[in-house]
Amino acid sequence: MMDWSKITVEQFVKTQKIIKEDPLDELDLHAQKKLIAEIITNKSIADIENMKMRDLDAIYLDCLSPQLPTKIVRRFKLNGISYEFNLDATQMTSGRYMSIMESIKQNPLDNIHTVLFNVAHPVKRTLTGFKRYDFEPAELHKRIEDFKQMPISIANPMAVFFCNLSVALTNVSVDYSVSQMEKMNKEMNQLAEDLTDGDG
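Throughout this description, residue numbers start from 1 for each chain and increase along the sequence as written. Selection of residues for local features in this predicted model requires a pLDDT of at least 70, selection of side-chain atom pairs for listing and counting requires 80 or more, and totals for whole chains, interfaces and linings are taken over all residues. To obtain the side-chain values, all non-hydrogen atoms of the structure were used and water was disregarded.

Draft legend 1. Molecular detail of the packing of aromatic side chains. What counts as a ring pair is set by centres within 6.5 Å for rings of Phe, Tyr and Trp (its six-membered ring), and what kind of pair is set by the plane angle: stacked under 30 degrees, edge-to-face over 60, tilted for all other angles. Summed over the entire model, instances satisfying the criterion amount to nine aromatic pairs. Relative to phenylalanine 147, the ring of tyrosine 83 lies with its centre 4.9 Å away and its plane at 80 degrees, an arrangement referred to as edge-to-face. With tyrosine 83 in strand E2 (residues 81–85) and phenylalanine 147 in the loop between helix H7 (140–146) and helix H8 (152–197), this residue pair connects regions lying 64 residues apart in the sequence. An aromatic cluster is defined as three or more aromatic residues linked by ring pairs; in this entry it consists of Phe76, Tyr83, Phe85, Phe117, Tyr133, Phe135 and Phe147. Secondary structure elements follow DSSP: runs of H or I of four or more residues count as helices, runs of E of two or more count as strands, with numbering from the N terminus.

Rendered as structure tokens:
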């Protein structure tokens with residue numbers, strides 16, 4: 001069984017891209033298994049060549065049908081910086097929300113680190129608890145890239161939570177837009193009726 005706390009977002013994304021490619025034959029499948037094992041274990045190609053077939057199969061099957069953790073970790077440390085996930089969408093700025101939606105729209109798998117960065121806030125411990133702060137604009141790119149090194153055990157539950165939330169929010173905004181359009185349509189029809197009533 002895979003220890004997902006030792007697998008980074010970057011490693012996981014690479015394995016999923018390989019798995020999405022249909023192998024041409026058994027030889028190609030074996031090459032995929034070795035490549036996935038190399039990514040997951042960080043071993044050299046020579047070490048991978050010496051691995052037993054059952055070990056390669058076990059790694060491949062763990063990546064093919066991952067049993068990923070689902071418990072949300074609210075606060076975590078990444079490259080020496082403490083972060084806290086924002087579980088309250090009402091506290092999210094429109095800029096962060098737009099960045100997340102754009103990342104999901106473009107390519108969710110390639111941009112999972114950007115999505116996670118945008119639903120997390122750096123925090124510092126103070127006498128009254130943890131306090132959020134913002135990064136300087138010059139360091140934003142580096143901090144976003146840091147999220148590629150986040151353990152998938154922390155990343156997956158939050159990614160699932162937010163993707164489900166974004167679907168719900170999209171549905172709510174569509175429902176709201178439709179109801180607003182219907183209301184405006186009624187008001188326009190009523191106005192048209194009122195205006196034509198005086199034509200006699």
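Having seen the structure, we can now continue with the description.
Draft legend 2. Geometry of the sheet that holds strand E1 (residues 75–78). Taking strand neighbours across the sheet as the criterion, the four strands line up as E1-E2-E3-E4 in an open arrangement whose pairing is antiparallel. Strands at the two margins of the open sheet, each flanked by one partner only, are E1 and strand E4 (129–132). For this sheet, the mean inter-axis angle between neighbouring strands, taken without regard to orientation, is 45 degrees. Pairing between two strands requires that DSSP report at least two bridges joining them. The pairing of strand E3 (residues 120–126) with E4 spans four bridges and is classified as antiparallel. For helices, the axis comes from a line fit to the C-alpha atoms of the stretch in contact; other axes are also lines fit to C-alpha atoms, and the angle between any two N-to-C directions lies between 0 and 180 degrees.

Draft legend 3. Summary view of helix H5 (residues 94–106). One less than the residue count of a helix, multiplied by 1.5 Å, gives the span that helix is expected to have. With 13 residues, H5 should reach 18 Å at 1.5 Å per residue; the first-to-last C-alpha distance of 18 Å fits that figure. Buried means the residue's accessible area, taken with a 1.4 Å probe over protein chains only, is under 20% of the maximum for its type, while exposed means over 50%, and partly exposed covers the values in between. Restricting attention to buried positions, one finds in H5 the residues Arg96, Ile100 and Ser103. The buried residues of H5 occupy one face: seen down the axis, they fall within an arc of 65 degrees. Facing away from the buried side of H5 by over 90 degrees, the exposed positions are Ser94, Met98, Lys105 and Gln106. Think of the arc as the fan of directions from the helix axis to the C-beta atoms.

Draft legend 4. Layout of the side chain of aspartate 62. Mapped onto the elements of the fold, aspartate 62 is located in helix H4 (residues 53–64). For the charge count, each Lys or Arg is scored as positive and each Asp or Glu as negative, with His and the chain ends excluded. By convention in these notes, a salt bridge is any Lys or Arg side-chain nitrogen within 4 Å of a carboxyl oxygen on Asp or Glu. The side chain of aspartate 62 is buried and forms no salt bridge, while lysine 6, the nearest opposite charge, is found at 13 Å. Note on definitions: a residue-residue contact is assigned when non-hydrogen atoms from the two residues lie within 4.5 Å. Beyond its immediate stretch of four places on either side in the chain, aspartate 62 contacts Met1, Met2 and Trp4.

Draft legend 5. Geometry of the nonpolar core. In terms of nonpolar packing, the biggest core is built from 42 residues, with Phe76, Phe85, Leu116, Phe147 and Met150 touching the most fellow members. For this core, the element with the most residues is H8, which contributes six residues. Among residues more than four places away in sequence, those in contact with phenylalanine 85 are Val73, Arg74, Phe76, Leu116, Val119, Ala120, Arg132, Met150, Ile154 and Met158. In this text, buried Ala, Val, Leu, Ile, Met, Phe, Trp, Tyr and Cys residues form a nonpolar core when linked through side-chain atoms within 4.5 Å.

Draft legend 6. Structural detail: the pattern of salt bridges. The tally for this structure, following the rule as stated, stands at 10 salt bridges. Between aspartate 110 and lysine 17 there is a salt bridge, with the nearest N and O atoms lying 2.4 Å from each other. Taken together, the residues span a long stretch of sequence, with aspartate 110 in the loop between H5 and helix H6 (112–118) and lysine 17 in helix H1 (residues 9–20) at a distance of 93 residues. Between glutamate 49 and lysine 34 there is a salt bridge, and its shortest N-O distance comes to 2.9 Å. Note that glutamate 49 is positioned in helix H3 (residues 45–49) and lysine 34 in helix H2 (residues 26–41), a separation of 15 residues in sequence.

Draft legend 7. Just H2, in detail. The terminal C-alpha atoms of H2, which comprises 16 residues, lie 22 Å apart, in line with the 22 Å expected from a rise of 1.5 Å per residue. Turning to H2, its buried residues are Leu29, Gln32, Lys33, Ile36, Ala37, Ile39 and Ile40. For H2, the angular spread of buried residues about the axis comes to 165 degrees, placing them on one side. Next to the buried residues of H2 lie H1, H3 and H4.

Draft legend 8. Local environment of the packing of H1 against H2. Running from N to C, H1 and H2 cross one another at 175 degrees; their axes reach a closest spacing of 9 Å. Compared by their axis directions, H1 and H2 come out roughly antiparallel. Each of Gln11, Lys14, Thr15, Ile18 and Ile19 in H1 lies in contact with H2, whose residues at this interface are Gln32, Leu35, Ile36, Ile39 and Ile40. Within the contact of H1 with H2, the residues separate by chemical class into six nonpolar, three polar and one charged. Any angle that falls under 35 degrees is termed roughly parallel, while one over 145 is termed roughly antiparallel, one within 65 to 115 roughly perpendicular, and all others oblique. Residue classes follow a fixed rule: Ala, Val, Leu, Ile, Met, Phe, Trp, Tyr, Cys and Pro count as nonpolar, while Asp, Glu, Lys and Arg count as charged, and any other residue, Gly among them, counts as polar.

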